[in-house]
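Residue strings, one per chain:
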Amino acid sequence: EWIVRRCFLDCSEEEAIARCAAYRSLGRGWFIVQLLPQKKFKFWWEEIAQIEGKRAAEIDELRERMDLGDIRHFTRGFVCHNELVFYIRGISHPTNPSARAPSIRIMKWDPTFRRTDLWTGGSEWLESELRTPVPSQQERTEHAATSERNRRRKERQRSKQKQAAAAAA
C-alpha cells in the first residue's frame, strides 16, 4: 500500500486523479521499484515491450529463483485496469544483506482502500471491476491468450493501414 500511496497519491487530489488515469491509459506495463539505502526508493513504469526486450535476462533470472509458473501471467495475464505488477529490486535478506534478490508480484487494488475514488475517477464500471475477485491461474492464462490475440490483430490492422497509405501515396 505504501508504494501505491507514493506512486499515485502522494500529491494533490487533482494530480492523483491525473496520475491514475495516465497509468490506466498506458496499458500493460510494470512498476519497477528500486530500493535504495536509508529506506529510500525510486520507481518508474516500463511497458511490456521494453520489459520483454531489455529485461529478458532479469526475467530469466526471476524464473530460476522463483517458481513463477507461466511468465505470461505477469506480462499479458493481469487485468491492467484493476491490477498492478510490481517488480521490486534491491531487497536484501537479513541473514545475507549483500544478496539482492528481485521480487515480482501482481497486486490487485483493494476495494476497501480508502482512496479508491482517485483510481476510478468516478467511473462506475471501474468501481465494479475493483470488487471482482482476484483471477485464478486458469483465468490469467486465458486472459493472457486473449490479450496476445488482440495485440496481434491490432498489429495486423496497423500494418494494413500503413500499406494502404503507402499505396495511396
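Note on numbering: residues in each chain are counted from 1, in written sequence order. Local features in this predicted model are restricted to residues of pLDDT 70 or higher, and side-chain atom pairs are both shown and tallied only at a pLDDT of 80 or more, whereas totals for entire chains, interfaces and linings draw on every residue. Working from all heavy atoms in the structure, the side-chain values ignore hydrogens and water.

We now examine the overall build of the chain. In terms of helices and strands, the chain carries 8 helices and 4 strands. The cut-offs for exposure are 20% and 50% of the maximum accessible area for each residue type, with area from a 1.4 Å probe on protein chains only; residues under the lower value are buried, those over the upper are exposed, and the others partly exposed. Counting only residues that meet the buried cut, the chain has 36% of its 169 residues in that class. In the chain, the proportion of contacts linking residues at least 24 apart, taken out of those at least 6 apart, comes to 58%. In the form shown here, the chain has an accessible surface area of approximately 10,600 Å², with 51% of it arising from carbon and sulfur atoms. Residues scored as positive are Lys and Arg, those scored as negative are Asp and Glu, and His as well as the terminal groups of each chain are ignored. Charged side chains are reduced to one point each, which is NZ for Lys, CZ for Arg, CG for Asp and CD for Glu. Of note, the chain has its 31 positive side-chain charges centred 4 Å away from the centre of its 24 negative side-chain charges. A run of H or I in DSSP becomes a helix once it reaches four residues, and a run of E becomes a strand once it reaches two; helices and strands are each numbered from the N terminus. A contact between two residues is defined here by any heavy atoms of the two lying within 4.5 Å. In these tables, accessible area is a Shrake-Rupley quantity obtained with a 1.4 Å probe, and a residue counts as shielded only by the protein chains included in the view.

On to the pairing of strand β2 (residues 40-47). Sheet topology note: the strand β1 (residues 29-36)/β2 ladder contains 8 bridges and is antiparallel. Bridging from a neighbouring strand, leucine 35 pairs with phenylalanine 41 of β2. Here, any two strands with at least 2 DSSP bridges between them count as paired.

Turning next to a positive patch on the surface. To count toward a patch, a residue needs a relative accessible area above 30% and no salt bridge. Like charges then connect within 9 Å, nonpolar side chains (Val, Leu, Ile, Met, Phe, Trp, Tyr) within 5 Å. Throughout this description, the term salt bridge denotes a Lys or Arg side-chain nitrogen within 4 Å of a carboxyl oxygen of Asp or Glu. Together, Arg153, Lys154, Arg156, Arg158, Lys160 and Lys162 give the surface a local cluster of positive charge. Relative to the elements of secondary structure, lysine 160 occurs in helix α8 (residues 137-168).

Turning our attention to the pairing of β1. By the criterion of burial, β1 is predominantly enclosed, with 6 of the 8 residues buried. The hairpin formed by β1 and β2 contains 3 residues between the paired strands, and glutamine 38 there has a positive phi angle of roughly 60°.

For the rest of this paragraph, the subject is the pattern of salt bridges. Counted according to the given criterion, the structure contains 9 salt bridges. Of the charged contacts, one joins arginine 140 and glutamate 83 as a salt bridge, the two residues approaching to 2.8 Å between their closest N and O atoms. A residue pair is termed long-range when its members are at least 10 positions apart, and arginine 140 in helix α8 and glutamate 83 in strand β3 (residues 83-93) qualify at 57 residues. Summarising the burial analysis for this pair, arginine 140 and glutamate 83 share the class buried.

Assignment of secondary structure puts threonine 75 in helix α5 (residues 72-75). Between the C-alpha atom of threonine 75 and that of phenylalanine 31, which follows or precedes it by 44 residues, the distance is 12 Å. Ignoring anything within four residues of it in the chain, the contact list for threonine 75 reads Arg28, Trp30, Ile48 and Glu52.

Regarding helix α1 (residues 2-9), the residues found buried are Ile3, Val4, Cys7, Phe8 and Leu9. Along the long axis of α1, the arc covered by the buried residues comes to 165°, so they all point the same way. The directions from the helix axis to the C-beta atoms form the arc being described.

Those residues of helix α4 (residues 56-65) lying buried are Glu58, Ile59 and Leu62. Considered in projection along α4, the buried side chains sweep an arc of 100° and stay on one side of the axis. For α4, the exposed residues lying more than 90 degrees away from the buried face are Ala57 and Glu64.

By themselves these figures say nothing about function.
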